[in-house]
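If you want the building blocks of each chain, they are given just below.
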Amino acid sequence: MTNSAQADKNNSDTLRMHSPNLVDDNVQKIMALFPNCITESEDEHGKLKKTVDFDLLRQELSQSLVEGGQERYRLDWPGKRQAILEANSPIAKTLRPARDESVNFDTTENLFIEGDNLDALKLLQDSYLGQVKMIYIDPPYNTGNDFIYEDDFSENTADFLERSEQLDKEGNRLVTNTESNGRFHSDWLTMMYSRLKLARTLLMDEGVIFISIDDTEAHNLKKICDEIFSSSNFVADICVVNNLKGRNDKKYIARANERLLMYVKSQSFSEYGLDLSEDVVNDYNEQDEQYGRYRLLELRKRGGPDTRKERPNMFYPFYLNKEDGSLSLSLSDKYDTEVLPFKSNGEEGRWRWGLDTAKLRVNELVGKQVRGTERYNIYQKDFLYKDGVARRVKPKSVMFGADYSTDTATKQYRSLMGKIDFSNPKSQIFLEDLVTYSVAPQNDAIVLDFFAGSSTTAHAVMDVNLRDSGKRKFIMVQFPEVVENDSKASVEGYQNIAEISKERIRRAGQKILTDNKGNEDIKDLDIGFRVLKIDSTNMKDVYYTPDEYSQADLDNLESHIKEDRTGEDLLFQVMLDWGVPLSLPIEVKKNQGISVYYVGIDSLVACFDTLSTDLIDEISKDKPLKFVSSELAIAHDQDKANIKARFAQLSPDTQVKFI
């Protein structure tokens, strides 16, 4: 290892290789606004660091003299401050790719992260800050039998490098939170607070979060969400009736519903996820009027002049029932109004599905009531009025119907997964409705679920994309919670929940392909996912704290990278550190016999093998935005400067870093 490995970890040439320290970021923000409130103090190692003078800061934010603490309206519990500390503390961990468990690893834009969701949320901060359109989570309800994460607050930020795992002696990260626990509510709130705090930073300004919960913690959950997301961004506490008969599992009453809290990141949330631009609003013409004011925009696709010849089975009418707004492919007394697709220039268009596919799926998509006693749902029909104003059916504060029931959800799951049992899966249609309502099909917005369970959310995203040719992407996060030994899932060979979750996505994707063989657009549907597993950092301790090692110790170290790590392992930690999206396509090219990784064509190029001048010259021709290599790939300290100089000459816009 060269002497440059002893350089400070914050050196501009060197990547930090751990999640961001949000405390440092917050101090910098405060310093920009209130420089007089920043002072210096010694840390536990005797080094000076910038800190906040909170007494001065409180005075800056008060219109009266501040003397001591004040009583104020807020929710407090033992562990709240520790939860804030834990959310802000960095971790020295990484995501390691698992190609053999993935589907279409090199090309898919979907992610499945296996591990602790708190770690996952931290690791995603650089690459996905403000990038997520919709979050849905179904966390433990804290019924006294649920597992919750056992977070460790015993250390401070400076000690984070010493902790590579958070497991007990049996390898468990989850504990049962029984009602006899004296911190029954506090432990649950602590777990949720840190995760929601980090989740908010991932939401885009137009984003939305949905949280399923029951009555046990709904009141507490709303209070912490009011604090994290702001009470002004609270939208609704929706009642979701998921058991029409009611369950006799609650004293005095048969419980028939769950709660769904909805918050937006800001008031710029784009309702229905649809772009109401002039192209959409003006996509109404006089010929629409003779077929009623009803249009299925999500089924339309503009084709060229020869489309009818190329795809004759894409041209056919639907028939509208004016009384309830439902559709049929057959003309009858009730379904007597023909509905055809028209393009904005008045020419006849065509449907997105072939006729055979439409016959199979029309009832699933549009054969439901807009208003009626059977179902109040988040609906995806558009009503375009002649005045050019788009009107839509909004979700109701009570959502009920057989499609949302636990029985239906279980049947949906079992029809796909067979004997691989899973308790209380979420309704796929319920998640499809939330996705359709929140995320527009015409962009590549991200849907995140960091309590993935059986990955119903991922299944819903793929199905909705199939219906409207959408480009939505998903990120699922699931801890490998061990299944019971005598469970059917265990008998079938599945050891943990994460394995079941991944298998659900595989089977769902394959079923979509099988059921839609006649759909020519199916080739564009992304049914893959890239599996990434949370693990300890790829780097040895010397990488982070070189000043704690003597020169003799450094001379005896052959590498500052752990021996069991591959080039692809290093690549993903670099992507995390440099804020590169983890879903970008990856191509490995052989150049002069050396493996060179190309991420997103030329967004990032990485090479961790021996570098030569000729190899640098070849890579420079591609003009990558970023280039990274390992210090082990260079023979002498001066070679690092030479490499940077060579890029500066041949590709001056390329950022060059080393690990």
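Owing to the predicted nature of the structure, the values given are computational and were not obtained by experimental measurement. (Residues numbered from 1 in each chain as written. Predicted model: local features only at pLDDT ≥ 70, side-chain atom pairs only at ≥ 80, totals over all residues. Heavy atoms only, no water.)

S.K.: Teacher, can you tell me more about the packing of helix α20 (residues 613–621) against helix α21 (residues 637–650) here?
M.R.: Relative placement of two packed helices is described by the angle separating their axes and the distance separating the axes. Contact geometry of α20 with α21 gives a least axis separation of 10 Å together with a crossing angle of 35°. Two packed elements cross with a definite hand, and for α20 against α21 that hand is right-handed. Here T613, I616, D617, I619 and S620 of α20 lie close against α21, whose contacting residues are I643, R646, F647 and L650. Looking at the contact of α20 with α21, its residues break down into five nonpolar, two polar and two charged. (Axes fitted to C-alpha atoms, helices over the stretch in contact; angles between N-to-C directions. Helix = DSSP H or I, 4+ residues; strand = E, 2+ residues; numbered from the N terminus. Left-handed = near helix turned anticlockwise from the far one by under 90°. Contact = heavy atoms within 4.5 Å. Nonpolar A, V, L, I, M, F, W, Y, C, P; charged D, E, K, R; others polar.)

S.K.: Honestly, the packing of aromatic side chains in this entry has me stumped. Any pointers?
M.R.: Note on aromatic pairs: each is described by the distance of the centres and the angle between the planes. This model, assessed by the stated rule, comprises 12 aromatic pairs. Three or more aromatic residues joined by ring pairs make a cluster, and in this case those are Y136, Y404 and F430. The lysine or arginine in question, K589, covers the ring of Y598, its NZ or CZ lying 4.2 Å from the ring centre. (Phe/Tyr/Trp six-rings, centres within 6.5 Å; stacked < 30°, edge-to-face > 60°. Lys NZ or Arg CZ within 6 Å of the ring centre and 35° of its normal.)

S.K.: I'm lost on the sheet that holds strand β23 (residues 473–478) in this one. Help?
M.R.: Whenever strands of a sheet pair, they do so through backbone hydrogen bonds, lying parallel or antiparallel. As summarised here, the arrangement of the 10 strands in space is β3-β24-β4-β23-β22-β5-β8-β12-β9-β21, forming an open sheet in which the pairing is mixed. Strands with a single pairing partner mark the edges of an open sheet, and in this sheet they are β3 (93–97) and β21 (398–400). Averaged over all adjacent pairs, the angle separating strand axes in this sheet is 20°, with direction ignored. Of the strand pairs in this sheet, strand β5 (residues 132–137) and strand β22 (residues 446–449) are connected by three bridges, and their pairing is parallel. Paired with V132 across the two strands is I446, which belongs to β22. Sheet strands touched by helix α19 (residues 567–578): β3 and β24 (530–536). Its angle to β3, the strand with the most contacts, is close to 130°. (Pairing = 2+ DSSP bridges.)

S.K.: Would you mind showing me how to read the pairing of β22 here?
M.R.: Consecutive side chains of a regular strand alternate in pointing toward one face of the sheet and then the other. By the alternation rule, side chains of β22 split into I446 and L448 and V447 and D449, which are all buried. Here four bridges tie β22 to β23, and the two strands are oriented parallel to one another. The partner of I446 across the bridge, within β23, is K473. With helix α14 (residues 456–468) bridging β22 and the parallel β23, this β-α-β connection has right-handed handedness. (Buried < 20%, exposed > 50% of the residue type's maximum accessible area, 1.4 Å probe, protein only. Right-handed = clockwise from strand over helix to strand, strands pointing away.)

S.K.: Looking at this model, I keep getting lost on the environment of G518. Mind explaining?
M.R.: Structurally, G518 is set in the loop between α16 (497–515) and β24. Judged by its relative accessible area of 58%, G518 falls in the exposed class. Expressed as a C-alpha distance, the spacing of G518 and G354, which sit 164 residues apart in the sequence, is 7.1 Å.

S.K.: Help me out: how do you make sense of the confidence of the model for the chain in this one?
M.R.: Confidence along the chain averages 77 in pLDDT terms, with 71% of residues attaining 70 or more. Low pLDDT, under 50, characterises residues 273–306; the stretch is placed with 91 contacts to residues that sit more than four places away or in other chains. Within the model, pLDDT remains below 50 along residues 365–393, and this stretch shows 92 contacts once partners closer than five positions in the same chain are excluded. (pLDDT = per-residue confidence, 0-100.)

S.K.: Would you explain α16 in this entry?
M.R.: Side chains of residues three or four places apart in an α-helix project in the same direction, reflecting 3.6 residues per turn. Between its first and last C-alpha, α16 extends 27 Å over 19 residues, near the 27 Å set by a 1.5 Å rise per residue. Inspection of α16 places I497, A498, I500, S501, K502, E503, R504, I505, A508, G509 and I512 among the buried residues, and these make up the whole buried set. Looking at where α16 begins, the residue whose side-chain oxygen comes 3.1 Å from the main-chain nitrogen of A498 is N496. (Expected span 1.5 Å × (residues − 1). Polar contact = N/O pair within 3.5 Å; in protein donor to acceptor, adjacent residues only side chain to side chain.)

S.K.: Would you take a moment to explain the pairing of strand β9 (residues 234–241) for this structure?
M.R.: Pairing analysis gives seven bridges linking β9 to strand β12 (residues 257–264), with the strands arranged antiparallel. Within β12, the residue paired with A236 across the bridge is M262. In the sheet, β9 pairs with β21 via three bridges, with the strands oriented parallel. Bridge assignment links C239 to a residue of β21, and that residue is V398.

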